[in-house]
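Structural overview
Residues per chain are reported as follows:
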Amino acid sequence: MGFADVARELLLVAPADFVAERTARQRAVRKDDRALATAIGGLRKPAPAAWVIDLLAHEGALDEAVDLGPAIRQAQADADPAVIRKLRRQRAGVVDALTQAGADLASDAGHPVTPAVLDQVRATIEAAMADPHAGAAVRSGLLVRALESAGFDDVDLDGALADPDAVPDAWSGSGAAPIPITEGRRAAGTTRASRKPDCKPDREPEPSPDSSPETDPAAERRAAREAETAARTESRDADAALDAAEDALATAEDRRADLERQLAEATAEVTRLEHARDDAETTSDRARELLAAAQHHRREVGR
């Protein structure tokens, strides 16, 4: 079993139980495959919304949503208002149904999720419908964080997958040959950059002299993107610190259990030796009494 297969199984474990299960799997394979054990030890705990998405992916429930994406994108490209309205209604129904299905799966697993988590589940499903790369990601069962679609930009998949190399970046329904996600991102970036070879790259409009940063929409959008990037980085760092702390705690608890077992064994050994000493002392006292009696009898006979 490769790392991606192990990761898919572990990501179905509720986040509250994930660290303990990951540690158990890591120890189980360490003797036979140290490289796999190291990879398992580095697997990030999924965010609650990503866990719900992975549950849906495991059930094969996300296919309809992802398959609806190309039709919506084509209708938008054709600017057909009637088709767009129809597909949007259909999309809303699919997203609502999947979000409820995810909530039910989480509850059935004994770990119901909050409305805020379900909002992230909804946003992730919508991102999968908006971007074929995101569609491949959510169907993989390897998602570790929620996704979000921002306008016409590609969905940010950085750090979103447990094993990016295991997930082809080309959506399965596009007919394109599978390519690694990192290569797909670079190719997509190159394509966007080469759309206007004879023109200078598009730039945000310069603010007028009498406008201030507070009233400049372009500046506000840039500031919002920078704040989101900073928050996402801080969140990832916090998740990594939490995982490390949970790993350290699990190791310490295992060590404590070993010490408690050794202490119990040592206590039992001390008790056994004390009993053996008492028995030997009793035997020694009896032997001395017999010796004294034998000596007394010998002296009586010799008189």
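Values in this document were obtained by computation on a predicted structure and should not be read as measured data.

1. Observations regarding the overall build of the protein
- From N to C terminus, the protein includes 10 helices and 0 strands.
- Secondary structure of the protein in N-to-C order comes out as α-α-α-α-α-α-α-α-α-α.
- Taken across its 303 residues, the protein has 29% of its residues classed as buried.
- Summing over all exposed atoms, the protein offers an accessible surface of approximately 18900 Å²; the carbon and sulfur share of this is 55%.

2. Here we look at the packing of helix H6 (residues 81-108) against helix H7 (residues 115-130)
- Between H6 and H7, the shortest axis-to-axis distance is 9 Å and the interhelical angle comes to 135 degrees. Here H6 is positioned oblique relative to H7, judged by the angle of their axes. Every pair of crossing elements has a handedness; the one defined by H6 and H7 is right-handed. On H7, the residues touching Arg91, Val95, Asp96, Leu98, Thr99 and Ala103 of H6 are Leu118, Val121, Arg122, Ile125, Glu126 and Met129.
- Of the residues assigned to the contact of H6 with H7, the class counts are 7 nonpolar, 1 polar and 4 charged.

3. Comments concerning the side chain of arginine 22
- By secondary structure assignment, the location of arginine 22 is in helix H2 (residues 15-30).
- On the accessibility criterion, arginine 22 (2% relative accessible area) is buried.
- A distance of 2.6 Å separates a polar atom in the side chain of arginine 22 from the backbone oxygen of leucine 43.

4. Remarks on the environment of alanine 61
- Positionally, alanine 61 belongs in the loop between helix H4 (48-58) and helix H5 (63-78).
- Alanine 61 sits in the partly exposed class, given a relative accessible area of 26%.
- Separated by 37 residues in sequence, alanine 61 and leucine 98 place their C-alpha atoms 7.4 Å apart.
- The residues touching alanine 61, leaving out its near neighbours within four places in the chain, are Leu56 and Leu98.

5. Quick notes on the pattern of salt bridges
- Enumeration according to the criterion identifies 9 salt bridges in this entry.
- With its nearest N and O atoms 3.8 Å apart, the salt bridge here joins arginine 8 to aspartate 5. Placement of both arginine 8 and aspartate 5 in helix H1 (residues 3-10) is noted, with a separation of 3 residues, approximately one turn of the helix.
- Here aspartate 5 falls in the partly exposed class, since its relative accessible area comes to 39%.
- Arginine 25 is the salt-bridge partner of glutamate 9, the closest N and O atoms lying 2.9 Å from each other. With glutamate 9 in helix H1 and arginine 25 in helix H2, the pair connects residues that are 16 residues apart, well separated along the chain.
- The exposure class of glutamate 9 is partly exposed, given its relative accessible area of 38%.
- What you see here is one network of salt bridges that share partners, running through Asp63, Asp67 and Arg139.

6. A short note on the confidence of the model for the protein
- With 73% of its residues at a pLDDT of 70 or more, the protein shows a mean pLDDT of 77.
- The secondary structure element of the protein with the lowest average pLDDT is helix H9 (residues 181-193), at 38, and the one with the highest is H4, at 97.
- Scored below 50 in pLDDT, residues 170-213 shows 37 contacts in the model against residues more than four places distant or in partner chains.

7. Considerations on H4
- Counting buried positions along H4 gives 9 out of 11 residues, so the element sits mostly inside the fold.
- All of the buried residues along H4 are Ala49, Ala50, Trp51, Val52, Ile53, Asp54, Leu55, Leu56 and Ala57.
- Those residues of H4 that are buried lie in contact with H2, H6, H7 and helix H8 (132-139).
- Downstream of H4 by one or two residues, glycine 60 has phi in the positive range, about 70 degrees.

8. Some points on the packing of H1 against H2
- Contact pair H1 / H2: the axes reach a minimum separation of 11 Å and the direction vectors enclose 150 degrees. When the axes of H1 and H2 are compared, the pair comes out roughly antiparallel. Between H1 and H2 lies a crossing whose hand is right-handed. The segment H1 lies against H2, with Val6, Glu9 and Leu10 engaging Phe18, Glu21, Arg22 and Arg25.
- Taken together, the residues of the contact of H1 with H2 sort by class into 3 nonpolar, no polar and 4 charged.

Parameters at a glance
Residues numbered from 1 in each chain as written. Predicted model: local features only at pLDDT ≥ 70, side-chain atom pairs only at ≥ 80, totals over all residues. Heavy atoms only, no water. Helix = DSSP H or I, 4+ residues; strand = E, 2+ residues; numbered from the N terminus. Buried < 20%, exposed > 50% of the residue type's maximum accessible area, 1.4 Å probe, protein only. Areas by Shrake-Rupley, 256 points an atom, 1.4 Å probe, with all protein chains shown as cover. Axes fitted to C-alpha atoms, helices over the stretch in contact; angles between N-to-C directions. Parallel < 35°, antiparallel > 145°, perpendicular 65-115°, else oblique. Left-handed = near helix turned anticlockwise from the far one by under 90°. Contact = heavy atoms within 4.5 Å. Nonpolar A, V, L, I, M, F, W, Y, C, P; charged D, E, K, R; others polar. Polar contact = N/O pair within 3.5 Å; in protein donor to acceptor, adjacent residues only side chain to side chain. Salt bridge = Lys/Arg side-chain N within 4 Å of Asp/Glu carboxyl O. pLDDT = per-residue confidence, 0-100.

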